[in-house]
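This is what each chain is made of:
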Amino acid sequence: MKLRRLLAVARKEALQIVRDPRSLAIALLMPLMQMGLLGYGVSLDIRHVPLCVVDHERSQTSRALVGALSAGGWFDLVATPADDAALRAALDRGRCVAALVIPVDFSRRLAAGRRAPVQAVLDATDVNTSNIALGYLQGAVAGYAARLHAAPPRAGSVDLEPATWYNETLDSRNFIIPGVVAVILALVGAQLTSLTISREWERGTMEQLVSTPLTALELMLGKLLPYFAVGFVDAVICLALAVLWFGVPLRGSVSTLFVATGLYSVVVLGIGYLISVRVRSQLGASQIALLVTMLPTTMLSGYTFPLDQMPSAIQAISHVVYARYYVTLLRAIFLKGSGAGALWQPLAALAAFALVVGWLAARAFRKRLD
């Protein structure tokens, strides 16, 4: 392998990136747009849930309970239907998602030291929202009851004192943003490199490449080095936005983070190059790259859906999804502060993927025109 030939190909590809507005837009603007859209648009937290309250008692005690529900910002009181029929109409029209029905003897039961049940009614057409809203209602009512000492302590009772580690505020943004970095790098890296060889075919310059003394390895490395640099710039931008703009804590080693990012970039760029060699159309290559990177990264990496809740067959398939290991590394480095020693398994998996994909990509190109 001749370094001079390799650098000549790298320089040619770098000039191609600079002179191609589409490639520049994909490389620089798309990560910023996606970071903003996914960072702000994807959230597992639910606030300001529309709430209806049917207060059959209308006492000071029942109004205090309603005030406690609205005070935390989790619920917005949008209506107080007079009866159950009016409540059903409000739920049917979608005016509220959750409702609380307070019985007529609510305060009397509390004063007598008895249980004072209240009914929660939920629109379960959106199961996720209704489950979260139910949890909020249960927590708010339990907190209100504890403040009023509605249930006197009993001998031998057990009190649960929760302690949350790594994401103390339970902010879903801290969970989601690291995964967004993996999605962006996969999409941008594969999209850019999927055009490298197919562009040569479409522009009729493949004959010139074949006639040169370039080896397949020199061509691959020369084509990918500029995109590796661009990908690292994108990674630094995304990681800086995650920490400085979105406030995700970075507790682990930056060097371990960069090693993981480098291995992940090699895998993504190798997949894009492999697609570009096999598909001679830029449009077809970019579409296949989008399919190969976006779907596994978003669905089977643990970015949005917990892998341990999936069927065992799907969990087994997820082990061959390279993004799974990078998302694990990102969350462990950001939130847990884990070092390389604790993360050797996902690091080794990414390294194995990089070796296999790199080997396949290097062997894919053949210096012939048929």
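Two faces belong to every sheet, and in a regular strand the side chains alternate between them. Most of strand β1 (residues 49-55) sits inside the fold, with 6 of its 7 residues counted as buried. As judged from the 4 bridges shared by β1 and strand β2 (residues 75-79), these two strands associate in the parallel manner. Looking at the pairing, proline 50 lines up with aspartate 76 of β2. What joins β1 to β2 is helix α3 (residues 60-71), and the crossover it makes is right-handed. The pairing of β1 with strand β3 (residues 98-102) spans 5 bridges and is classified as parallel.

Okay, a nonpolar patch on the surface next. A surface patch of nonpolar side chains, amounting to about 640 Å² of accessible area, comprises Leu28, Leu29, Leu32, Met33, Leu37, Val233 and Ile237. Those elements that provide at least two residues to the nonpolar patch are α2 (21-41) and α10 (216-245). Ranked by the residues each element gives to the nonpolar patch, the list is headed by α2, at 5 residues. Inspection of the secondary structure puts isoleucine 237 in helix α10.

Next up on the list: the sheet that holds β1. Strand order in the open sheet formed by 4 strands is β2-β1-β3-β4, and the pairing between neighbours is mixed. Two strands lie at the open edges of the sheet, namely β2 and β4 (119-122), each paired on one side alone. Between one strand axis and the next, the sheet turns by 30° as a mean value, whatever way the strands run. As judged from the 4 bridges shared by β3 and β4, these two strands associate in the antiparallel manner. Bridge assignment links alanine 98 to a residue of β4, and that residue is leucine 122. Packed onto the sheet, α3 meets β1, β2 and β3 and runs at close to 160° relative to β3. Of the strands in this sheet, β1, β3 and β4 are in contact with helix α4 (residues 84-92), which crosses β1 at around 170°.

Taken N-terminus to C-terminus, the directions of helix α1 (residues 3-19) and α10 make an angle of 45°; their axes are 8 Å apart at the nearest point. Considered as vectors, α1 and α10 are oriented oblique to each other. Here α1 runs over α10; the crossing is right-handed. Every residue of α10 that contacts α1 at Arg5, Leu6, Val9, Ala10, Lys12, Glu13, Ala14 and Ile17 is listed here: Glu218, Leu219, Leu221, Gly222, Lys223, Leu225, Pro226, Tyr227 and Val230.

Rules used in this analysis
- Residues numbered from 1 in each chain as written.
- Predicted model: local features only at pLDDT ≥ 70, side-chain atom pairs only at ≥ 80, totals over all residues.
- Heavy atoms only, no water.
- Buried < 20%, exposed > 50% of the residue type's maximum accessible area, 1.4 Å probe, protein only.
- Helix = DSSP H or I, 4+ residues; strand = E, 2+ residues; numbered from the N terminus.
- Pairing = 2+ DSSP bridges.
- Right-handed = clockwise from strand over helix to strand, strands pointing away.
- Patch = residues over 30% accessible without salt bridge, like charges linked within 9 Å, V, L, I, M, F, W, Y side chains within 5 Å.
- Areas by Shrake-Rupley, 256 points an atom, 1.4 Å probe, with all protein chains shown as cover.
- Salt bridge = Lys/Arg side-chain N within 4 Å of Asp/Glu carboxyl O.
- Axes fitted to C-alpha atoms, helices over the stretch in contact; angles between N-to-C directions.
- Contact = heavy atoms within 4.5 Å.
- Parallel < 35°, antiparallel > 145°, perpendicular 65-115°, else oblique.
- Left-handed = near helix turned anticlockwise from the far one by under 90°.

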